[in-house]
Amino acid sequence: MPDDFMDPADLLELADDAIILTDASGAITYWNRGAARMYGWEKKDALGQNVHALLRTEPPDPTQKLETIMGDSSHWEGDLHQSRRDGERILVASRWTTAGAGSPRLQINTDITARRRVEEALRESEERYRRFVTEDFTANLIVRPDGQIVTCNPAFANTFGFDSVEEALSGNFVALLRTRQDAVELLEMVRQQGIVDRHELEMLQRDGDPVYVVARVIGRFSNGELTELQVYLFNDTKRKRLEQQLVQAQKMEGLGTLAGGIAHDFNNILAIILGYTNRLESFRTKPKDVPGAIKVIKEAVERGAALVQQLLTSARQTEARFSSLDLNALVRELEKMLQATFPKMINFELHLQSDLPPITADRSQIHQVVLNLCVNARDAMQQGGTLTLETAMVPGPQLMETFTGVAAQNYACIRVRDTGSGMSREVKSHIFEPFFTTKERGKGTGLGLSVVYGVVNNHRGFVQVESEPNAGTTFLVYLPVEHSAAERGGEGGSRIPRGQTAPQTILLVEDEEMLRDLGVEILEGEGYRVIAAKDGMEAVEFFEANRDEIGLVICDLGLPRLGGREAFLKMKEMKPAVRVIVASGYLEPAIRSEMLKAGVLDTIQKPYDFNVLLAKIRSVIGPEEVADEHPELF
Ligand code: ADP
Ligand code: MG
């Protein structure tokens, strides 16, 4: 049916909206079917009623007055609350039109109650998701393939060192990756797989500090083109750091075991050489040049022993002798010595905390630590510079962020700072490894810092290094201020009182045949009776059979069948007053102190000089030394 056949008034009746006409006083003069449907009032009931009274119309904004909202204007539109006949309140979008004050008014209303409810629900759900993202602790962002950040959450800003989300949005994601290559690879993976999951990445904070993340990256494509990447980054830095520390510690332990093994055999060989050297000394009928040869042999032996000592220290297997130590005094003394020997173009600066409490430590080992750090600093400042030595007290809890195993209340910190060459990240990751050096052949051994690591570890302390290429290096050594008494070692008992002698039979337990034979020969030469055992089992057997004659047991620690420690404990059980001297190439401080507490009289480090051993034997079982008793010594 063409439009012009229809009365326009009929069309108004058919409209979905409520169409209402009122006179100037508000009395209803027209009410279409849409109005009847919307409000439940039939036309006959509505006509003549005041429209606002009938519908109980109210603006949603309580400060607005219905009579005034239209004012002098000819048009108004807005949302209003109104009531249906059954009492239900509805929300309508309302448009008013009038020809002027005093003229009739047209009101067209659309019920938007349902639509508003949906909008509200949507807003609520959007708000929920917004909070979900902004309060997330993973760093989330949407980024364009060129690195431009479209949006990100506060955790992202925070993780990468931006002050605010706004600031982060002005940054570029590619700049936070370690290399451009990382960015290229990541994009390639996303293009090919769509989603990259659990991808481990080393990223950089804005200031360049590393951040280790586990990433999930989802590509958004439009017509096959990658347009955006949705990125979720879990900050895994703390765990990664601890893991790296653990790997480092294990590596050092492994090398320590290796060094210990080599050292054991090496020491036995040295002991043999040294022993025969001493025997040669007693040969009166030697040709003239023998003393010279002896000297060379001895020097070689000492050099070898010193090398072993370095190795063992680096593997923290030498005996540490703990005592009270004034760090400031040590640093001051060292500085004086270094100033006299280092090139003049190196300036020294000292900043010592005046009230630093004494620590319990091995003086010569700590001396070695600071010396090694200073020598490295000197080597790094070929063109001169400033070497700063500082001491300070640091509360233990402050170190917990950086290190595991922080046990002491307070740590004394020694800082060795240089203005030299600094190190690359690659070099920095290897410096504590034994034999790692960047110096030319003959200049560096690569043992300096592994000794530092070993010693500090042995003192239950920590080492930290801060360095950038061309920006100098700072080493920080933290040593606990308290130290448990157990580590200082106890004292053995039952030495023979002056003027008395014990039974002069010695049980010598040694698995190295040549060393054992040599020992028997020398000890018998000194007038002792010697029983020799080649392992722990034999030692226990022989001791049981001769327990009353045996005045002293000299026992190696690393023995076949039954270890020296176990053998000692068995003998101790049989005869609590047993006198034992333990000989060993390396003795962990903890084991040494445990053995001394258990009643071992003394320990002697291999390779031993038999003269030192004889002195120890005399001090334990006599006979007492008489001056000039050894005329055969040169
Ligand atoms: P060495 O000094 O014999 O090379 P170290 O264990 O003492 O062995 O040091 C290992 C390496 O660590 C050095 O070769 C050097 O590359 C680096 N290094 C140590 N200390 C510094 C420093 N203060 N500045 C720059 N590099 C250093
Ligand atoms: Mg060095």
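Quick look at the structure, then. (Residues numbered from 1 in each chain as written. Chains lettered and ligands numbered in written order. Predicted model: local features only at pLDDT ≥ 70, side-chain atom pairs only at ≥ 80, totals over all residues. Heavy atoms only, no water.)

Thoughts on the sheet that holds strand β4 (residues 89-98)
Next up, step 1: Read across the sheet, five strands follow the order β2-β1-β5-β4-β3 without closing on themselves; strand pairing throughout is antiparallel. Looking at the sheet topology across the chains shown, the edges are occupied by β2 (28-31) and β3 (75-83). Within this sheet the neighbouring strands show an average axis-to-axis angle of 25°, counted without direction. (Pairing = 2+ DSSP bridges. Helix = DSSP H or I, 4+ residues; strand = E, 2+ residues; numbered from the N terminus. Axes fitted to C-alpha atoms, helices over the stretch in contact; angles between N-to-C directions.)

What to know about the environment of N32
Next up, step 1: Mapped onto the elements, N32 comes out in the loop between β2 and α2 (33-39).
Next up, step 2: Put simply, N32 and D17 are 15 residues apart on the chain and 8.7 Å apart in space, counted from C-alpha to C-alpha.
Next up, step 3: Sequence-distant contacts of N32, that is, excluding residues within four places in its chain, are made with L12, E13, A15, D17, A18 and I19.
Next up, step 4: There is a polar contact of 3.0 Å between the side chain of N32 and the backbone nitrogen of I19.
Next up, step 5: At 3.3 Å, the side chain of N32 forms a polar contact with the backbone nitrogen of G34. (Contact = heavy atoms within 4.5 Å. Polar contact = N/O pair within 3.5 Å; in protein donor to acceptor, adjacent residues only side chain to side chain.)

A look at the packing of aromatic side chains
Next up, step 1: The tally for this structure, following the rule as stated, stands at 11 aromatic pairs.
Next up, step 2: Here F403 and F462 contribute two aromatic rings whose centre-to-centre distance is 4.6 Å and whose plane-to-plane angle is 15°, an arrangement assigned as stacked. Note that F403 is positioned in the loop between β14 (385-395) and β15 (410-418) and F462 in strand β16 (residues 462-467), a separation of 59 residues in sequence. Per residue, the accessibility class of F403 equals that of F462, and both read buried.
Next up, step 3: With a centroid separation of 5.7 Å and 50° between ring planes, the pair formed by F432 and Y453 is classed as tilted. Of this pair, F432 sits in the loop between α14 (425-428) and α15 (448-458) while Y453 sits in helix α15, placing them 21 residues apart in sequence.
Next up, step 4: Take Y453: its relative accessible area is 13%, and that puts it in the buried class. (Phe/Tyr/Trp six-rings, centres within 6.5 Å; stacked < 30°, edge-to-face > 60°. Buried < 20%, exposed > 50% of the residue type's maximum accessible area, 1.4 Å probe, protein only.)

Some details on the nonpolar core
Next up, step 1: I366, L387, I414 and F475 are the most contacted members of the largest nonpolar core, which has 41 residues in total.
Next up, step 2: With seven residues, helix α13 (residues 363-380) is the single largest residue contributor to this core.
Next up, step 3: Excluding residues within four positions of it along the chain, I414 makes contact with L327, V331, I366, V370, E390, F475, L476, V477 and L479.
Next up, step 4: Formed by 29 residues, the second largest nonpolar core is a distinct cluster that contains F156, L177, V190 and L226. (Core = buried A, V, L, I, M, F, W, Y, C linked by side-chain atoms within 4.5 Å.)

Some details on the pattern of salt bridges
Next up, step 1: Per the counting criterion, the structure on display carries 31 salt bridges.
Next up, step 2: Among the ionic pairs, R85 bridges to D45, the shortest N-O distance being 3.5 Å. In this pair, R85 is assigned in the loop between β3 and β4 and D45 in helix α3 (residues 43-46), connecting sequence segments 40 residues apart.
Next up, step 3: E200 is the salt-bridge partner of K240, the closest N and O atoms lying 3.4 Å from each other. Highlighted residues: K240 in helix α10 (residues 237-281) and E200 in strand β8 (residues 195-204), separated in sequence by 40 residues.
Next up, step 4: Among the ionic contacts, a cluster of salt bridges with common partners joins D79, R115, R116 and E119. (Salt bridge = Lys/Arg side-chain N within 4 Å of Asp/Glu carboxyl O.)

Side note on the pairing of strand β20 (residues 550-556)
Next up, step 1: Counting buried residues along β20, seven of its seven residues qualify, which places the element largely inside the surrounding structure.
Next up, step 2: Note: strand β18 (residues 505-509) against β20, five bridges, orientation parallel. In the strand pairing of β20, L507 is matched with V553.
Next up, step 3: As defined by bridge partners, β20 adjoins strand β21 (residues 580-584) across four bridges and the pair is classed as parallel. Bridge pairing in β21 places C555 opposite V582.
Next up, step 4: Handedness of the crossover joining β20 and β21 through helix α18 (residues 564-574): right-handed. (Right-handed = clockwise from strand over helix to strand, strands pointing away.)

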